[in-house]
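Survey of secondary and tertiary structure
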Amino acid sequence: MPASAMTSITTAGTITSPKAALWLWRETGLQSILRSWLFDTHHADGSRLVEQHLLAWVTSYGYFAIFGLLVMGIVGLPVPDETLLTFTGYLVYRGNLYLPFAAAAAICGSASGMTISYALGRIFGLRLVHRYGRYIHLTPERLVRAHAWFERVGHWALTAGYFIPGVRHLTAYAAGMSEVAPHQFALFAYMGTILWVS
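Below is a summary of the structure that appears in this document. (Residues numbered from 1 in each chain as written. Predicted model: local features only at pLDDT ≥ 70, side-chain atom pairs only at ≥ 80, totals over all residues. Heavy atoms only, no water.)

Quick word on the overall build of the chain
Counting its regular elements, the chain contains twelve helices and zero strands. Taken from N to C terminus, the helices and strands of the chain fall in the order α-α-α-α-α-α-α-α-α-α-α-α. By sequence separation, contacts in the chain at least 24 residues apart represent 69% of the contacts at least 6 residues apart. Of the accessible surface of the chain, which amounts to about 11,100 Å², a share of 66% is contributed by carbon and sulfur atoms. (Helix = DSSP H or I, 4+ residues; strand = E, 2+ residues; numbered from the N terminus. Contact = heavy atoms within 4.5 Å. Areas by Shrake-Rupley, 256 points an atom, 1.4 Å probe, with all protein chains shown as cover.)

Okay, here's the thing in C-alpha cells:
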C-alpha cells in the first residue's frame, strides 16, 4: 500500500469538513486505489484494502457512510457488513458517534437495502440474476439454494437470514421472486433488521 494511502487512513479521523476530505481523497491518490480494488480482484491483500477504506469512510462521513455502505452491502456489493457494524460500535464507545443516530443509520441502511433487493426480485425476477448476477457474485445456484431454504422455512427466513452470511443478501431477492406480499415482507424483514443491528 502506498505511504500516501496509509497517511490518509491514519488522518481520516481528524478530517471534519467534507471539502477537506474531498481534497485529501484527490491528493493522496485514493481514487486510483479505489479503482484498482473495484475492478481488479486479484490482489492478495484486496479484501484488507477494501476494509481499510470502508472504515476510513465511516470515520470521515459517519452516519451517512454507515447508511450508504449497509445499503450497498445488503444489495450484494462486497461490503463487510459485520466489520462495519463492529467498527461503528467501537466509534460509539469512543464517543465519536452517538448511539441512537448510529443505530438509526444502520437500521435504515439495512432496511433500505432489503427493500431494494425485494423490489428488484419482484420486478425483474430471475432475468436480472441470469444477466448481471455474476458481477456481484450472485450465481443462479446460490439463488436456488436460498429460494429452497426460503420455501422450507417460510417468512421467518427473512428474519433469520440476517444472521447467516451470504443468505442475508439473497432472502429479499427470493421473497420478491416468490411474490411475498409487501406487508408480510416488511414485517419479517424489518424485524430481522432491528434484531441484527441490535
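After that view, the rundown keeps rolling.
Regarding the packing of aromatic side chains
Centre distance and the angle of the planes are the two values used to describe a pair of aromatic rings. Tallied over the entire structure, the rule returns seven aromatic pairs. Relative to Phe101, the ring of Tyr98 lies with its centre 5.2 Å away and its plane at 70°, an arrangement referred to as edge-to-face. Residue classification places Phe101 among the partly exposed residues on the basis of a relative accessible area of 48%. Seen in terms of ring centroids, Tyr118 and Phe185 are 4.1 Å apart; in terms of plane orientation they differ by 15°. Their pairing is stacked. With Tyr118 in helix H7 (residues 99–124) and Phe185 in helix H12 (residues 182–197), this pair connects stretches of sequence that are 67 residues apart. A residue is classified by how much of its surface remains accessible, and Tyr118, at 6% relative accessible area, is buried. Classification of Phe185 by relative accessible area gives buried; the value is 2%. Taken together, the ring pairs connect Tyr63, Tyr98 and Phe101 into an aromatic cluster. (Phe/Tyr/Trp six-rings, centres within 6.5 Å; stacked < 30°, edge-to-face > 60°. Buried < 20%, exposed > 50% of the residue type's maximum accessible area, 1.4 Å probe, protein only.)

Let's talk about the pattern of salt bridges
Overall, the coordinates contain two salt bridges when judged by the stated rule. What emerges from the salt-bridge pattern is a single network uniting Asp81, Glu82 and Arg168. (Salt bridge = Lys/Arg side-chain N within 4 Å of Asp/Glu carboxyl O.)

Some remarks on a nonpolar patch on the surface
On the surface, Val153, Trp156, Phe163, Ile164, Leu187, Met191 and Leu195 cluster together into a nonpolar patch covering about 650 Å² of accessible area. Per-element tally for the nonpolar patch: the top contributor is H12, with three residues. Secondary-structure assignment places Ile164 in the loop between helix H10 (156–160) and helix H11 (171–177). The class for Ile164 is partly exposed, based on a relative accessible area of 36%. (Patch = residues over 30% accessible without salt bridge, like charges linked within 9 Å, V, L, I, M, F, W, Y side chains within 5 Å.)

Considerations on the environment of Glu82
Note on placement: Glu82 falls in helix H6 (residues 81–94). Linking Glu82 and Trp196, residues 114 residues apart in sequence, is a C-alpha distance of 9.7 Å. Leaving out residues up to four positions away in the same chain, Glu82 has contacts with Pro165 and Arg168.

Points about H12
The end-to-end C-alpha separation of H12 is 22 Å, in line with the 22 Å expected for 16 residues at 1.5 Å each. Where H12 is concerned, the buried positions are Phe185, Phe188, Ala189, Gly192, Thr193, Trp196 and Val197. Along the axis of H12, the buried residues cluster in a sector spanning 155°; they form a single face. Seen from the open side of H12, the exposed residues pointing more than 90 degrees away from its buried face are His183 and Leu187. (Expected span 1.5 Å × (residues − 1). Arc of directions from axis to C-beta.)

Overview of the environment of Leu170
Tracing the backbone shows Leu170 in the loop between H10 and H11. When the C-alpha positions of Leu170 and Val75 are compared, they lie 8.5 Å apart, and in sequence the two are 95 residues distant.

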